[in-house]
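Residues per chain are reported as follows:
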Amino acid sequence: MIVFNGKEQDVEPGIKSLSDFVRVTKVEEEGLVVLLDEVVIKREKWDSTEIKDGMAIEFINFVSGG
Amino acid sequence: MSDVLKLGGVEFTNRLFTGTGKFSSKAMIPKMLEASGSQMITVALRRVDVKSASENILKYIPKSVVLLPNTSGARNAVEAVKIAMIAREAGCGNFIKIEIINDQKYLFPDNFETIKATEILAKEGFHVLPYMMPDLIATKRLEDAGAAAIMPLGAPIGTNRGLETRPMLEILIENSILPVVVDAGIGRPSQAADAMEMGAAAVLVNTAISAADNPVLMGEAFSMAVKAGRAAYLAKMAEEKRFAQASSPLEGYLWN
């Protein structure tokens, strides 16, 4: 069980890394910012970052605003 | 004549800052930036809704334009600091517009929390541009806290009502050592020119441009107004008089 964007959810079988997780959510990756337990994980570390039980993952992006 | 505004080590030759909010089509943003020559633009950070397609706003902003992420959605200094850190980690640079709002009716900024956030972020190396209620004491606190400029509101966000806070803006311009960037409420190019004539260092305009029928043309109009207002300020305007003062000689009339 992880907390994704503020909601608890199970992790699908086969998802090991942050890269896997990003891929299955099918969000646009360009401009995507990923926070793991409130820390930004740089894109180059997505492959090597393991998804573990209890983690809080946030997907953030830049949107229009004044 | 060289007239640049230096903020955070960056030289701005155009004193119109713009925002990315409320454009009917994001494709208009780069065209508006080109037409207006604006060199700084605001963006916001939000959680991605994975169930709906979200567009990356950054792809509409040319690399030459400085990004000014805002902390909208923050209700206190802690949240604003967190948003600023995320924006920087995400590669948005060191500029940050502090926007801390608890009042949802008028969207007035919380000066007290804004000062706290400014102090923390300035120490972390950010170039902090705090959106604030125009207040001299808060301005002095923001100077001490290390703000790069102050951004007092002209009128509530998105109202297009112009410089309703004019007397306070005049006091801040006269008394602050920081550049004063009038933010929020400016609805017409003439109001932007007015702010610049008063001695504002720049203006930040979003809704008045993005909600116009033709945002590209309106961006250009605002840019011209800002330049005109700045030139008028530098030229030092003639004194106002209570009574008429003839512009032609008062002697040698033809029929006397």
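Given the structure is predicted, the values throughout are model-derived calculations rather than measurements.

### Details of the overall build of chain A
Phase 1: Scanning chain A from N- to C-terminus turns up one helix and five strands.
Phase 2: Ordered by position in the sequence, the α and β elements of chain A form the string β-β-α-β-β-β.
Phase 3: Over its C-alpha atoms chain A spans a radius of gyration of 12 Å, differing by no more than 12% from the 11 Å that the globule rule assigns to 66 residues.
Phase 4: For chain A, the residues scored as buried account for 20% of the 66 residues in total.
Phase 5: Expressed as a percentage of contacts within chain A between residues at least 6 apart in sequence, the contacts between residues at least 24 apart total 61%.

### Quick notes on the sheet that holds strand S6 (residues 95-98) of chain B
All names here are of chain B.
Phase 1: Spatially, three strands are ordered S6-S7-S8 in an open sheet, and the strand pairing comes out parallel. Bordering the open sheet on either side are S6 and strand S8 (151-152), each of which pairs with just one other strand.
Phase 2: Across two bridges, strand S7 (residues 127-132) lies against S8 in parallel orientation. Each bridged residue has a counterpart across the sheet, and for Met132 the counterpart in S8 is Pro152.

### Concerning the interface of chain B and chain A
Phase 1: Taken together, the contact pairs 25 residues of chain B with 19 residues of chain A.
Phase 2: For the side of chain B that touches chain A, the secondary structure elements donating two or more residues are strand S4 (40-47) and helix H2 (77-89) of chain B.
Phase 3: Here five bridges tie strand S5 (residues 56-64) of chain A to S4(B), and the two strands are oriented antiparallel to one another. Considered in S4(B), the bridge of Asn61(A) is made with Arg46(B).

### So, the pairing of strand S3 (residues 16-19) of chain B
Residue and element names in this part refer to chain B.
Phase 1: Here S3 shows a buried face lined by Leu16 and Thr18 and a second buried face lined by Phe17 and Gly19.
Phase 2: One ladder, built from two bridges, connects S3 with S4; its direction is parallel. Note that in S4 the partner of Gly19 across the bridge is Thr42.

So, how was this worked out
Residues numbered from 1 in each chain as written. Chains lettered and ligands numbered in written order. Predicted model: local features only at pLDDT ≥ 70, side-chain atom pairs only at ≥ 80, totals over all residues. Helix = DSSP H or I, 4+ residues; strand = E, 2+ residues; numbered from the N terminus. Rg over C-alpha atoms; globule rule 2.2 N^0.38 Å. Buried ≥ 20, exposed ≤ 12 C-beta atoms within 10 Å, placed from the backbone. Contact = placed C-beta atoms within 7 Å. Pairing = 2+ DSSP bridges.

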